[in-house]
Amino acid sequence: MTIYATERLRRFFQSFKHDDHVLILINADPDALASALAVKRLLWRKVAGVTISHINVISRPDNLTMIRLLQIDSIYIEQIDKQAFNRFVIVDSQPNHHEIFGRFQIDVIIDHHPETGASAPFIDIRTHYGATATILTEYLRAARIKPSIRLATALFHAIKNDTDDFIRKTTIEDIQAFQYLYRFANRHLAQRMEQGDIRYDFLKYFDQAFHNRRVQKEQLIAHLGSVINPDVCVLIADFFIRIDTISWSIVSGIYDKKLIIIFRHTGFKKDAGKLAKRVFGQWGTAGGHKSIARAEIPLEKIKDLVDIKDDKAIQRWIGQKVKS
Ligand SMILES: [Mn+2]
């Protein structure tokens, strides 16, 4: 560890006193959750108490899975009594990212997002880093704290997630932190968190998809009818695209009076985003990338073209439209 890291750690610790009650504020995602756990570990036995609080409603399945599997204790901001705390820390965000942060006088900011001119007695913002978890891993190492399996797995997952498995912004520091955490982390747990939980009530849509699926050339098309959450279309489209003879997986459902169509494509010549836009763009929003795309069409716009009450007719209609 360099002198620099040790010095920074010393200054971080100087921000706290033994009788402090610390509130860590996060906009919960894997990087924020892992970074908050790391701060809590750093402050263990150094302050009177540390509480983590999220300002967002956590609904993404992968975040919920991470919280469940790692048993992370985080309290929703509206249930927090501000008076019970005298030190406020933000990790993986900055005060002007959200108006709720503005309610607090922040003492410590540790982040990797672009600078917003934030001010606090202690600030460590490294915009070139792929994850805040990388910065906190350096703190742990400087403090000679060996991370528990739970903490290491959280940080490991956070770095993978924020750098999108090192294909997005990644620095040598992210890779070094990842390498270090690798030996302490539980990779099976990390994999489960990456996949996210499947809700039990989603299984009926899998049933439907298996029964109703149609294959035309390398396209697999399945319409699920009315769905309780469009995420299930994504889940099933991601599953079907793994089939060896399939290069297009097109899964749709009706949600909020809209026809939602999810595209998955493997291959190099064609472009899912362009196809979605070309065939469905005239009735709603449609677009995406080469391998993933999405269209959302208000049913109102297509009710004269297809019987929107008839799921089979909708599936046929989509099949005809995407036929190349
Ligand atoms: Mn982050």
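Starting from 1, residues in each chain are numbered consecutively following that chain's sequence as written. Only residues with pLDDT of at least 70 are given local features in this predicted model, and only at 80 or more are side-chain atom pairs given and counted; all residues enter the totals for whole chains, interfaces and linings. With hydrogens and water stripped out, all remaining heavy atoms of the structure feed into the side-chain values.

Colleague: Please explain the overall build of the protein chain as it appears in this structure.
Modeller: In this text, helices come from DSSP runs of H or I with a minimum length of four residues, and strands from runs of E with a minimum of two, each type numbered from the N-terminal end. Each helix and strand counted, the protein chain has twelve helices and twelve strands in total. With the principal axes as the frame, the protein chain shows a C-alpha extent of 70 × 40 × 35 Å. The rule is simple: take the accessible area with a 1.4 Å probe, protein chains only, and divide by the maximum for that residue type; under 20% is buried, over 50% is exposed, in between is partly exposed. The buried share of the protein chain, taken over its 324 residues, is 51%. Summarising the internal contacts of the protein chain: among those between residues at least 6 apart in sequence, 61% fall at separations of at least 24. A 1.4 Å probe and the Shrake-Rupley method give the accessible areas. Residues count as covered only by the protein chains that appear here. Just so you have it, the protein chain exposes about 16900 Å², and 50% of that area is on carbon and sulfur atoms. Contacts are assigned to residue pairs that have any heavy atoms within 4.5 Å of one another.

Colleague: For this particular structure, what's the right way to read the layout of surface pockets?
Modeller: Where empty space is left in the structure can be found by rolling a water-sized probe over the atoms. A 1.4 Å probe that fits into a set of points on a 1 Å grid over the protein atoms alone but cannot get out defines a cavity; an open set with protein on both sides within 12 Å along at least five of seven lines defines a pocket, and lining residues are those with an atom within 4 Å of a point. Grid points are joined across faces, edges and corners, and a volume is the space filled by probe spheres set on the points. Quantified by volume, the largest pocket comes out at close to 1800 Å³. Around the largest pocket, the lining is made up of 44 residues, and of these Arg 60, Glu 194, Gln 195, Val 234 and Asp 238 lie nearest the centre. Among the elements of the structure, helix H3 (61-69), helix H5 (149-162), helix H7 (187-195), helix H9 (231-240), strand E10 (258-265), strand E11 (285-288) and strand E12 (292-298) are those that each provide at least two residues to the lining of the largest pocket. Residue polarity follows a fixed list, in which Ala, Val, Leu, Ile, Met, Phe, Trp, Tyr, Cys and Pro are nonpolar, Asp, Glu, Lys and Arg are charged, and the others, Gly among them, are polar. Residue classes in the lining of the largest pocket are distributed as 15 nonpolar, 14 polar and 15 charged.

Colleague: Mind showing me how you'd approach a nonpolar patch on the surface here?
Modeller: Together, Ile 198, Tyr 200 and Leu 203 make up an exposed nonpolar region whose accessible area comes to about 370 Å². In this fold, Tyr 200 is placed in the loop between H7 and helix H8 (203-212). Looking at Tyr 200, the relative accessible area reads 70%, which means it is exposed. For patch detection, residues must exceed 30% relative accessible area and be free of salt bridges, and they are connected within 9 Å for like charges or within 5 Å for nonpolar side chains (Val, Leu, Ile, Met, Phe, Trp, Tyr). Here, a salt bridge means any Lys or Arg side-chain nitrogen found within 4 Å of an Asp or Glu carboxyl oxygen.

Colleague: How should the coordination of the manganese ion be read in this particular structure?
Modeller: Geometry reference: four tetrahedral donors at a metal, ideal angle 109.5 degrees. Six octahedral donors, ideal angles 90 or 180 degrees. Counted as donors are the N, O and S atoms within 2.8 Å of the metal, or 3.2 Å for Na, K and Ca, while water is not among the atoms, so some sites may look incomplete. The protein atoms that coordinate the manganese ion are Asp 31 (OD), Asp 92 (OD), His 112 (NE2) and Asp 162 (OD), at distances of 2.1 to 2.3 Å. Within one chain, the residues donating to the manganese ion are spaced in sequence as D-x60-D-x19-H-x49-D. Of this pair, His 112 sits in the loop between strand E5 (108-111) and strand E6 (122-125) while Asp 162 sits in helix H5, and the two are 50 residues apart along the sequence. Accessibility classification places His 112 together with Asp 162 in one group, the buried group.

Colleague: How do you make sense of the sheet that holds E11 when you look at a structure like this?
Modeller: Strand pairing in a sheet is mediated by backbone hydrogen bonds. Such pairs are either parallel or antiparallel. Read from one edge of the open sheet, six strands run E7-E8-E9-E10-E12-E11, paired in mixed fashion. Of all strands in the sheet, those bounded by a partner on one side alone are strand E7 (214-216) and E11. Strand after strand, the sheet turns through a mean of 15° between neighbouring axes, direction not considered. Here four bridges tie E11 to E12, and the two strands are oriented antiparallel to one another. Bridge assignment links Ala 286 to a residue of E12, and that residue is Ala 295. Here a strand pair is declared whenever DSSP counts at least two bridges between the two strands. What counts as an axis is a line fitted to C-alpha atoms, over the stretch in contact for a helix, and the angles between N-to-C directions run from 0 to 180 degrees.

Colleague: For this particular structure, what's the right way to read the nonpolar core?
Modeller: Most often, soluble globular proteins have nonpolar side chains that are buried together. Counting residues in each nonpolar core, the largest one holds 54 residues, and the members touching the most others are Phe 12, Ile 24, Ile 26, Ile 110 and Tyr 139. Residues contacting Ile 24, with those up to four places away along its chain left out, are Ala 36, Val 39, Lys 40, Val 50, Thr 51, Ile 52, Ser 53, Val 89 and Val 91. Counting 25 residues, the second-largest nonpolar core is a separate cluster that includes Leu 259, Ala 272, Trp 317 and Ile 318. Each nonpolar core is a collection of buried residues, namely Ala, Val, Leu, Ile, Met, Phe, Trp, Tyr and Cys, held together in the definition by side-chain atoms within 4.5 Å.

Colleague: Could you clarify how one ought to interpret the domain arrangement of the protein chain in this entry?
Modeller: Its domain assignment divides the protein chain into domain 1 (3-195) and domain 2 (204-322). Distance between the C-alpha centres of domain 1 and domain 2: 38 Å. What fixes the domain bounds is an automatic or database domain assignment.

Colleague: I tried to follow the packing of aromatic side chains on my own but got confused; where do I start?
Modeller: Where two aromatic rings form a pair, the distance of their centres and the angle of their planes describe that pair. Classification of ring pairs uses Phe, Tyr and Trp, with its six-membered ring standing for Trp, and accepts pairs whose centres are within 6.5 Å; under 30 degrees between planes counts as stacked, over 60 as edge-to-face, and the remaining range as tilted. This structure, assessed with the given rule, holds 16 aromatic pairs. Ring centres 6.2 Å apart and planes at 45° place the aromatic pair Phe 156 and Tyr 182 in the tilted group. Within this pair, whereas Phe 156 is found in helix H5, its partner Tyr 182 is found in helix H6 (residues 172-182), the two being separated by 26 residues in sequence. To sit over a ring, a charge needs its Lys NZ or Arg CZ within 6 Å of the ring centre and within 35 degrees of the ring normal. Positioned above the aromatic ring of Tyr 4 is the side chain of Arg 8, whose terminal nitrogen or guanidinium carbon lies 4.4 Å from the ring centre. If you follow Lys 46 out to its NZ or CZ, it ends over the ring of Phe 13, 4.7 Å from the centre.

Colleague: Quick question: what am I supposed to make of the side chain of Thr 137 here?
Modeller: You can see Thr 137 is positioned in helix H4 (residues 132-142). Here the side chain of Thr 137 touches Ala 133 through a polar contact of 2.7 Å, landing on its backbone oxygen. Other than its neighbours up to four places away in sequence, Thr 137 contacts Leu 155, Ala 177, Tyr 180 and Leu 181. Polar contact is the term for a pair of N or O atoms within 3.5 Å; when the atoms are in protein, one must be able to donate a hydrogen and the other to accept it, and sequence-neighboring residues count only if both atoms are side-chain atoms.

Colleague: Can you walk me through unusual backbone geometry in this structure?
Modeller: Phi is mostly negative for residues that are not glycine, and the peptide bonds are mostly trans. A positive phi is found at Arg 144, a non-glycine position, where the angle reads about 55°. As for its position among the elements, Arg 144 is in the loop between H4 and H5. Look at Arg 144 and you get exposed, because its relative accessible area is 78%. Phi is positive for Asp 164, which is not a glycine, with a value near 50°. Along the chain, the position of Asp 164 falls in the loop between H5 and H6.

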